[in-house]
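Geometric and topological summary
Listed here are the chains, written in short residue letters.
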Amino acid sequence: MGNGVQERQAALTQGEVLPRHSSSQSEGFKQGRSVLNSLLSGAFAGAVAKTAVAPLDRTKIIFQVSSARFSAKEAYRLIYHTYLKDGFFSLWRGNSATMVRVIPYAAIQFCAHEQYKRLLGGYYGFQGKALPPVPRLLAGSLAGTTAAMLTYPLDMVRARMAVTPKEMYSNIMHVFVRISREEGLKTMYRGFTPTILGVVPYAGLSFFTYETLKKLHAEHSGRSQPYSYERLAFGACAGLIGQSASYPLDVVRRRMQTAGVTGHTYSTIGGTMREIVSEEGIVRGLYKGLSMNWVKGPIAVGISFMTFDITQIMLRKMQQLGYMR
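Residues numbered from 1 in each chain as written. Predicted model: local features only at pLDDT ≥ 70, side-chain atom pairs only at ≥ 80, totals over all residues. Heavy atoms only, no water.

**Focus: the packing of helix α2 (residues 54–64) against helix α12 (residues 290–320)**
- Contact geometry for α2 and α12: axes closest at 10 Å, N-to-C directions at 155 degrees. In this view, α2 runs roughly antiparallel relative to α12, as classed from their interaxial angle. The hand of the α2/α12 crossing is left-handed. Listed contacts from α12 to L56, D57, T59 and K60 of α2 are M292, N293, V295 and K296.
- Here the contact of α2 with α12 is built from residues that sort into three nonpolar, two polar and three charged. (Axes fitted to C-alpha atoms, helices over the stretch in contact; angles between N-to-C directions. Helix = DSSP H or I, 4+ residues; strand = E, 2+ residues; numbered from the N terminus. Parallel < 35°, antiparallel > 145°, perpendicular 65-115°, else oblique. Left-handed = near helix turned anticlockwise from the far one by under 90°. Contact = heavy atoms within 4.5 Å. Nonpolar A, V, L, I, M, F, W, Y, C, P; charged D, E, K, R; others polar.)

See the structure below:
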């Protein structure tokens, strides 16, 4: 009889333990699937957005790293002459390097943002709900910083390819090899500090603005999910605010990244800013190309946020229907 009681207690104990173990496995599986969804959605969103505005992005970088005065007319002339000289697809020169960078960057940034929201939500007691303003801003800043730190050398390569003729660098690996051999490995992180200083307000304000607009929309419309065109508009507003706030540091970053091929010796943030201001002025120097960014930026960020959200929704629906296991 004692053996029977012991066996029953053992069975009950196993019955109590096994469901908890199964529940833990299920929770871990859901979390892993959520991370994978965020990575895939972010990668696709970044690729679509950057490809859509690649000619404008390349033109902006060329003006940022030169002393030529920027205007809409001059930008159009540059695009048109590039098209006549090198063909239509030359407008996307450097986009392969952009994709190599932006796909992991966007994947990491969006995925990190989802995870930071979850962690901060648990810490502040807002799990599953919209975060308060300060944690909302913090989640965006941390996400952008994480992505920038992990993918910075790819941004350097993209900038070099955008401002040089194709004879100088034949492909992405050629850029890495030549920079390492001729300028040293440290050059791969030139401009890193202004990048991080710029990405904190940019990513923070972008995600903050987008999440805030979605929250306000849900409160006033009664719909938990905005329409696609509303997501695009919210993302455009987010891009406009975020990029305007961090733009001078973006110019400084580009100057430092391309110093090796433009004949300048930019080495510090302060020195680069002083040289730009002394030669070109504050507005024409540090804010050169901003008007183009007001066209390009909102389009790119709007497409990016919209694509991410819609892809996330589609992936979840496919999982619910059993297409993805």
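Now that the structure has been shown, we can carry on.
**Quick word on helix α3 (residues 72–86)**
- Compared with an ideal rise of 1.5 Å per residue, which puts 15 residues at 21 Å, α3 spans 21 Å between its outermost C-alpha atoms and is within 8% of the ideal.
- Phi turns positive one or two residues past the end of α3, at G87, with a value near 95 degrees. (Expected span 1.5 Å × (residues − 1).)

**Remarks on the layout of surface pockets**
- For the second largest pocket, the calculated volume is near 390 Å³.
- As for the second largest pocket, its lining consists of 17 residues, of which R58, D86, R93, T164 and P165 are closest to the centre.
- Looking at which element gives the most residues to the lining of the second largest pocket, the answer is α3, with four residues.
- Looking at side-chain class alone, the lining of the second largest pocket contains six nonpolar, five polar and six charged residues. (1 Å grid on protein atoms, 1.4 Å probe; cavity = no way out; pocket = protein on both sides within 12 Å on 5 of 7 lines; lining within 4 Å. Points joined across faces, edges and corners; volume = space filled by probe spheres on them.)

**Regarding the packing of aromatic side chains**
- Inspection of the entire model under this criterion finds eleven aromatic pairs.
- Measuring from centroid to centroid gives 5.7 Å for F110 and F207, while their planes differ by 80 degrees, and the two rings are edge-to-face. In this pair, F110 sits in helix α4 (residues 95–124) while F207 sits in helix α7 (residues 192–221), placing the two residues 97 residues apart along the sequence. Of the two residues, F110 and F207, both sit in the buried class.
- Considering the side-chain rings of Y227 and Y229, the 5.9 Å spacing of their centres and the 25 degrees angle between planes classify their relative orientation as stacked. (Phe/Tyr/Trp six-rings, centres within 6.5 Å; stacked < 30°, edge-to-face > 60°. Buried < 20%, exposed > 50% of the residue type's maximum accessible area, 1.4 Å probe, protein only.)

**A word on the nonpolar core**
- With eleven residues, the main nonpolar core is built from Y247, L249, V251, V252, M256, A259, Y266, I269, I276, L286 and L290.
- Contributing elements (two or more residues each) for this core: α8 (228–257) and α10 (269–280).
- No other element matches the five residues that α8 contributes to this core. (Core = buried A, V, L, I, M, F, W, Y, C linked by side-chain atoms within 4.5 Å.)

**Some thoughts on the pattern of salt bridges**
- Inspection of the entire model under this criterion finds 18 salt bridges.
- With a closest N to O distance of 3.4 Å, D57 and K50 form a salt bridge.
- On the basis of relative accessibility, which here comes to 3%, the residue D57 falls in the buried class.
- Through salt bridges with shared partners, a single network forms among R101, D155, D250, R253 and R254. (Salt bridge = Lys/Arg side-chain N within 4 Å of Asp/Glu carboxyl O.)

**A word on the environment of R231**
- Assignment of secondary structure puts R231 in helix α8.
- For the pair R231 and F305, spaced 74 residues apart in the sequence, the C-alpha separation amounts to 7.0 Å.
- The contact partners of R231, leaving out residues within four places of it in the chain, are Y210, K214, Q225, P226, G302, M306, D309 and I313.
- Within the structure, R231 has its side chain in polar contact with the side chain of D309 (distance 2.7 Å). (Polar contact = N/O pair within 3.5 Å; in protein donor to acceptor, adjacent residues only side chain to side chain.)

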